[in-house]
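Structural characterization, general
Single-letter residue listing:
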Amino acid sequence: MVNKKALIISIGVGENTEHGIKFSIDTLHPNKVIFVTTSEGKNTLKRIKDDLKKLKISKEILELDSGEKDDIEIVYEKVTSAIIKLKQEGYCSGNIFIDFTFGTKPMSAGIVSAGIAQRVEQLCYVSGSHRDQKTGKVISGYERYKTLKPNKIFSDYMFSHVKRLFNIYAFEEARIILLYIDEVFFDKHEDEKSFYNALIQAYDFWDKFDYTNAFKKFKEAENKKVTWIIDDESYNLNYKFIETLKKKLSSEGKYTKEQIIDIYSNALRRCEEGKFDDA
């Protein structure tokens with residue numbers, strides 16, 4: 001089935017909660033629903049069992065025991081497994097929806113955390129301006145469905161991964177991930193993305209002793225340098241060192257003192273990384 005949708009929704013036990021759950025299902029029209037609930041929450045589902053029977057959708061209950069409903073990590077682990085299973089069944093991340101409106105706060109936090117970790121692209125909740133003064137819940141008929149796309153969170157996580165890869169000298173891997181980071185992260189900071197891309201390539205060329213291209217990329221990075229994200233002193237030292245290597249290599253045409261130092265330093269680093277064949 002093309003573009004089939006799945007909904008993972010936490011179930012609460014409060015009065016009239018069932019109306020919001022039904023509203024969520026009616027709004028999304030999912031092909032499959034996973035109810036994250038407790039034994040008490042099953043009573044909520046019983047109140048809309050006739051409505052659920054009419055829907056031609058696959059239904060699954062992920063039951064938490066009394067101790068698990070207040071444990072974020074357990075909820076996270078169980079929902080993560082459910083999301084992985086959905087993906088194996090052919091549901092893509094963009095068509096998996098997580099509704100965290102109902103249930104205990106740890107349940108909501110757990111399913112949202114699992115969704116973000118598994119790159120689920122749709123986080124949802126039922127809202128509305130007209131609420132019951134006694135329960136605080138949105139009055140039936142006044143529900144509004146809100147959908148959030150946590151692109152910024154995904155990008156923050158991926159960018160921290162880029163920096164980690166850069167710091168362990170996995171330059172090509174860092175550059176590839178950088179290219180896939182969502183534009184939202186760099187929204188008004190396109191120069192920042194260009195700077196990092198040029199910088200990663202500069203160090204990658206340097207790592208391969210390609211001083212000419214390394215210098216070109218350092219120069220490109222220099223034009224887009226974002227001062228608050230880099231140690232100017234070490235950056236400038238490396239930039240000048242590459243410039244010296246390039247000049248001496250092109251003028252002397254043989255191994256220079258600086259190049260021998262660079263080769264030796266490169267070998268020491270590769271030994272530290274356990275890359276003895278390279279060293």
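Residues numbered from 1 in each chain as written. Predicted model: local features only at pLDDT ≥ 70, side-chain atom pairs only at ≥ 80, totals over all residues. Heavy atoms only, no water.

**Things to note about the packing of aromatic side chains**
Inclusion rule: Within 6.5 Å between ring centres, the rings of Phe, Tyr and Trp (the latter by its six-membered ring) count as paired, and their orientation is classed by plane angle as stacked under 30 degrees, edge-to-face over 60, tilted in between. Helix and strand definitions follow DSSP, with helices as H or I runs of at least four residues and strands as E runs of at least two, each counted in order from the N terminus. Exposure classes here rest on a 1.4 Å probe applied to the protein chains alone. A residue is buried below 20% of its type maximum, exposed above 50%, and partly exposed in between. Look at NZ for Lys and CZ for Arg. If either is within 6 Å of the ring centre and within 35 degrees of the ring normal, a charge sits over the ring.
According to the stated counting rule, one finds 10 aromatic pairs in the structure shown. Aromatic side chains Tyr203 and Trp206 sit 5.6 Å apart centroid to centroid with 35 degrees between the ring planes, which places their arrangement in the tilted category. In this pair, Tyr203 and Trp206 both sit in helix H9 (residues 190-207), three residues apart, roughly one turn of the helix. For the pair formed by Tyr203 and Trp206, the shared burial category is buried. A connected cluster of aromatic rings, assembled from ring pairs, spans Phe166, Tyr169, Phe171, Tyr203, Trp206, Phe218 and Phe241. Over the aromatic face of Tyr91 sits the side chain of Lys4, whose NZ or CZ is 4.4 Å from the ring centroid.

**Considerations on the nonpolar core**
Under the convention used in this document: Each nonpolar core is a collection of buried residues, namely Ala, Val, Leu, Ile, Met, Phe, Trp, Tyr and Cys, held together in the definition by side-chain atoms within 4.5 Å. Between two residues, a contact is recorded if the distance between any of their heavy atoms is within 4.5 Å.
Counting 28 residues, the largest nonpolar core has Val162, Trp206, Phe218 and Ile242 as its most contacted members. Every element with two or more residues in this core is listed here: helix H6 (151-167), helix H7 (171-180), H9, helix H10 (211-223) and helix H11 (232-252). Ignoring any residue separated from it by four or fewer positions in sequence, one finds Val162 in contact with Ala174, Ile177, Leu178, Ile181 and Ile200. Among the nonpolar cores identified, the runner-up in size contains 20 residues, and Ile83, Ile96, Ala114 and Leu123 belong to it.

**Considerations on the packing of helix H4 (residues 72-88) against helix H5 (residues 105-117)**
For clarity, the cut-off: Only the stretch in contact is used when a helix axis is fitted, and all axes are lines through C-alpha atoms; the angle between N-to-C directions ranges over 0 to 180 degrees. Working rule for angles: under 35 degrees goes down as roughly parallel, over 145 as roughly antiparallel, 65 to 115 as roughly perpendicular, anything else as oblique. Crossing handedness: left-handed means the near helix sits turned counterclockwise from the far one by under a right angle, and right-handed means the same turn made clockwise. Put simply, Ala, Val, Leu, Ile, Met, Phe, Trp, Tyr, Cys and Pro go in the nonpolar bin, Asp, Glu, Lys and Arg in the charged bin, and everything else, Gly too, in the polar bin.
Across the interface, H4 lies against H5 with an axial gap of 8 Å and an inter-helix angle of 45 degrees. Put simply, H4 runs oblique to H5. By crossing handedness, the relation of H4 to H5 is classed as right-handed. Between H4, through Ile72, Val75, Tyr76, Val79, Thr80 and Ile83, and H5, the contact on the second element is made entirely by Pro106, Met107, Ala109, Gly110, Ile111, Ser113, Ala114, Gly115 and Ala117. Classifying every residue of the contact of H4 with H5 by side-chain character gives 11 nonpolar, four polar and no charged.

**Description of H5**
The test is simple: Residue count minus one, scaled by 1.5 Å, sets the expected span of a helix.
End to end, H5 covers 18 Å across 13 residues, agreeing with the expected 18 Å (1.5 Å per residue, within 8%). Within H5 the residues assigned to the buried category are Pro106, Met107, Ser108, Gly110, Ile111, Val112, Ala114 and Gly115. Note on H5: the residue one or two positions beyond its end, Arg119, has a positive phi of about 60 degrees.

**Brief notes about a nonpolar patch on the surface**
Cut-off, in case you're wondering: In this analysis, a patch consists of residues with relative accessible area above 30% that form no salt bridge, clustered at 9 Å for like charges and at 5 Å for the nonpolar side chains Val, Leu, Ile, Met, Phe, Trp and Tyr. For the area figures, the Shrake-Rupley method with a 1.4 Å probe applies, and any residue is considered shielded solely by the protein chains shown. Salt bridge, as applied in this entry: a Lys or Arg side-chain nitrogen positioned within 4 Å of an Asp or Glu carboxyl oxygen.
There is a patch of nonpolar side chains on the surface, built from Ile176, Leu179 and Tyr180 and spanning about 340 Å² of accessible area. Following the sequence through the fold, Leu179 ends up in helix H7.

**Quick look at unusual backbone geometry**
What you tend to see is this: most non-glycine residues have negative phi, and most peptide bonds are trans. In this structure, His29 is a non-glycine residue whose phi angle is positive, near 50 degrees. As for its placement among the helices and strands, His29 is situated in the loop between helix H1 (17-28) and strand S2 (32-38). Its identity is not glycine, yet Tyr169 carries a phi of approximately 70 degrees, on the positive side. Take Tyr169: it is sitting in the loop between H6 and H7.

**A few points about the environment of Tyr169**
What makes Tyr169 partly exposed here is its relative accessible area of 34%. Along the backbone, Tyr169 and Tyr203 are 34 residues apart, and their C-alpha atoms lie at a distance of 8.3 Å.

**Some points on the pattern of salt bridges**
Here the structure, examined in full by the defined rule, presents 10 salt bridges. One salt bridge in this structure joins Arg47 and Glu18, with 3.0 Å as the shortest N-O distance. With a gap of 29 residues between them, Arg47 in the loop between helix H2 (41-46) and helix H3 (49-54) and Glu18 in helix H1 connect regions that are remote in the sequence. Classification of Glu18 by relative accessible area gives buried; the value is 8%. Put simply, Lys240 and Glu243 hold a salt bridge, and the shortest N to O gap is 3.9 Å. Taken together, the positions of Lys240 and Glu243, both in helix H11 and three residues apart, correspond to about one turn of that helix. If you follow the salt bridges from partner to partner, you end up with Lys32, Glu60 and Glu89 in one network.

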